[in-house]
Amino acid sequence: MRVIEVDNYDEMSEKAAELILEKIKENKHANLGLATGGTPVGTYRCLIKDHTENKTSYKNVQTFNLDEYIGIDPDNPNSYHSYMKANLFDHIDIPAAQTHIPNGNAEDLAIECLRYDKMIEEKGGIDLQLLGIGTNGHIGFNEPGTPFASHTHVVELAQSTREANARYFNSLDEVPTHALTMGISSILASKGIVLLASGEMKADAIYELLYGKIDEEMPASALRKHSNVTLIADKDALKKV
Ligand code: GLP
């Protein structure tokens, strides 16, 4: 795993945006895997700034998001559909039909999971997957104990994950209990992966990721089985290393 140490959140965001832009320059038809959460917001801000200033085009890019809550409307401001529009899609020239997010309101969730994996495969797979990491080591919404062989699936969110995400909702009760997420195996199928981590809250997870056992109890440790992963982490996130 390549580790890029940066001073702070802003530098992490700039470096991540640089890697994404390089990928688009290399291939204007790039398939990007995208993440939500607080961590990638700054990266998206940098991409928007670049789009405004340098006119990088996303007309031929396809995006695939990692996950979505189950049972909230896509128009709900807390859905990942809304997050992606507000933080990126509404500010760049990507056609809506080229942005893909699992449908947490599908009538048959098992079929939705199969559809999502098949679609990614049919579109040629993901060239570069952006990832954040949960304090318990989750990636996407793959909580500890998720089989490394998992594809897109339904998960019950860990209490710690619901609590961590409650800051976006009016109360903990409003945080959905379940989500759809690309599985560990779907994530590892990406040709390249960029994992972002900022802040002391992530220090334990980053230590475990780099030096702990490769174990399903630590979902992010699966990334050590992939040959093209770049971790961009700030000093605080690397504090325990
Ligand atoms: C959320 C998301 C993950 C994200 C993680 C960390 O639950 N499903 O994709 O990486 O938690 O979030 P944050 O970046 O806000 O710390």
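Residues numbered from 1 in each chain as written. Predicted model: local features only at pLDDT ≥ 70, side-chain atom pairs only at ≥ 80, totals over all residues. Heavy atoms only, no water.

- With an unreviewed UniProt entry as reference, the chain is termed Glucosamine-6-phosphate deaminase, source organism Exobacillus caeni.
- Among the UniProt annotations of the chain, the heading Sequence similarities (unreviewed entry) holds the following wording: "Belongs to the glucosamine/galactosamine-6-phosphate isomerase family. NagB subfamily." (UniProt positions renumbered as here; feature names shortened; annotations may be inferred.)

As for the overall build of the chain
- The number of helices and strands found in the chain is seven helices and 10 strands.
- For 241 residues, the compact-globule estimate of 2.2 N^0.38 gives 18 Å, and the C-alpha radius of gyration of the chain, at 17 Å, lies within 12% of that figure.
- When each of the 241 residues of the chain is scored for burial, the buried share is 56%.
- Contacts in the chain between residues far apart in sequence, at least 24 positions, make up 79% of those at least 6 positions apart. (Helix = DSSP H or I, 4+ residues; strand = E, 2+ residues; numbered from the N terminus. Rg over C-alpha atoms; globule rule 2.2 N^0.38 Å. Buried < 20%, exposed > 50% of the residue type's maximum accessible area, 1.4 Å probe, protein only. Contact = heavy atoms within 4.5 Å.)

Topic: a nonpolar patch on the surface
- On the surface, a cluster of nonpolar side chains totalling about 310 Å² of accessible area is made up of Y207, Y211 and V241.
- In this fold, V241 is placed in the segment after strand 10 (229–234). (Patch = residues over 30% accessible without salt bridge, like charges linked within 9 Å, V, L, I, M, F, W, Y side chains within 5 Å. Areas by Shrake-Rupley, 256 points an atom, 1.4 Å probe, with all protein chains shown as cover. Salt bridge = Lys/Arg side-chain N within 4 Å of Asp/Glu carboxyl O.)

As for the UniProt feature "domain: Glucosamine/galactosamine-6-phosphate isomerase" (unreviewed entry) in the chain
- Within the UniProt annotation, "domain: Glucosamine/galactosamine-6-phosphate isomerase" (unreviewed entry) is assigned to residues 10–229.
- Structurally, residues 10–229 is divided into 34% helix and 15% strand, and its ends, taken at the C-alpha atoms, are 20 Å apart.

Here's the deal with the UniProt feature "active site" (unreviewed entry) in the chain
- Under the UniProt annotation, the feature "active site" (unreviewed entry) is placed at D67, N136, H138 and E143. Lining the largest pocket, from this annotated set, are D67 and H138.
- Dropping the residues within four chain positions of it, N136 is found in contact with E143, P144, A158, S160, T161, M218 and P219.
- Mapped onto the fold, E143 is located in the loop between strand 6 (128–131) and strand 7 (153–156).
- Aside from chain neighbours lying at most four places away, what touches E143 is N136, H138, E156, L157, A158, T161 and P219.
- Within the local environment of E143, its side chain forms a polar contact with the side chain of N136, the two groups lying 3.0 Å apart. (1 Å grid on protein atoms, 1.4 Å probe; cavity = no way out; pocket = protein on both sides within 12 Å on 5 of 7 lines; lining within 4 Å. Polar contact = N/O pair within 3.5 Å; in protein donor to acceptor, adjacent residues only side chain to side chain.)

Considerations on the sheet that holds strand 6
- Strand order in the open sheet formed by seven strands is 1-10-9-6-2-3-5, and the pairing between neighbours is parallel. In this open sheet, the two edge strands, each paired with only one partner strand, are strand 1 (2–6) and strand 5 (99–100).
- Of the strands in this sheet, strand 3 (62–65) and strand 5 touch helix 4 (residues 109–122), which is tilted by about 150° from strand 3.
- In the packing of helix 7 (residues 203–211) onto the sheet, contacts are made with strand 1, strand 9 (192–197) and strand 10, and the angle to strand 10 comes to roughly 150°. (Pairing = 2+ DSSP bridges. Axes fitted to C-alpha atoms, helices over the stretch in contact; angles between N-to-C directions.)

What to know about empty space enclosed by the protein
- Within this structure, the stated rule accounts for one cavity of 30 Å³ or more.
- Here the largest cavity defines a volume of roughly 30 Å³.
- Forming the walls of the largest cavity are I20, L32, L34, L47, Y58, T63, L88 and I92. (Points joined across faces, edges and corners; volume = space filled by probe spheres on them.)

Some words on the site of the ligand
- Looking at the ligand, there are 16 residues lining it, with G38, T39, D67, R167 and K202 nearest.
- A distance of 2.4 Å is found between an oxygen atom of the ligand and a side-chain nitrogen or oxygen belonging to T39.
- For the ligand, an oxygen atom lies 3.5 Å from a polar atom in the backbone of I133.
- Protein chains bury 93% of the 390 Å² of accessible surface belonging to the ligand in isolation.
- Judged by its atoms lying within 2 Å of the grid points, the ligand is housed in the largest pocket. (Near = heavy atom within 4 Å. Sits in = over half its atoms within 2 Å of the grid points.)

Side note on the packing of aromatic side chains
- One pass over the full model with this rule turns up seven aromatic pairs.
- With centroids separated by 5.6 Å and ring planes inclined at 45°, the aromatic side chains of Y69 and F141 adopt a geometry described as tilted. Taken as a pair, Y69 in strand 4 (residues 67–69) and F141 in the loop between strand 6 and strand 7 lie far apart in primary sequence, 72 residues in all.
- The class for Y69 is buried, based on a relative accessible area of 1%.
- Given the relative accessible area of 2%, F141 is considered buried.
- On the numbers, 6.3 Å between centres and 65° between planes, the contact of Y80 with Y83 is edge-to-face. You can see Y80 and its partner Y83 sitting in helix 3 (residues 80–87), three residues apart, about one turn around the helix. Both residues of the pair, Y80 and Y83, belong to the buried class. (Phe/Tyr/Trp six-rings, centres within 6.5 Å; stacked < 30°, edge-to-face > 60°.)

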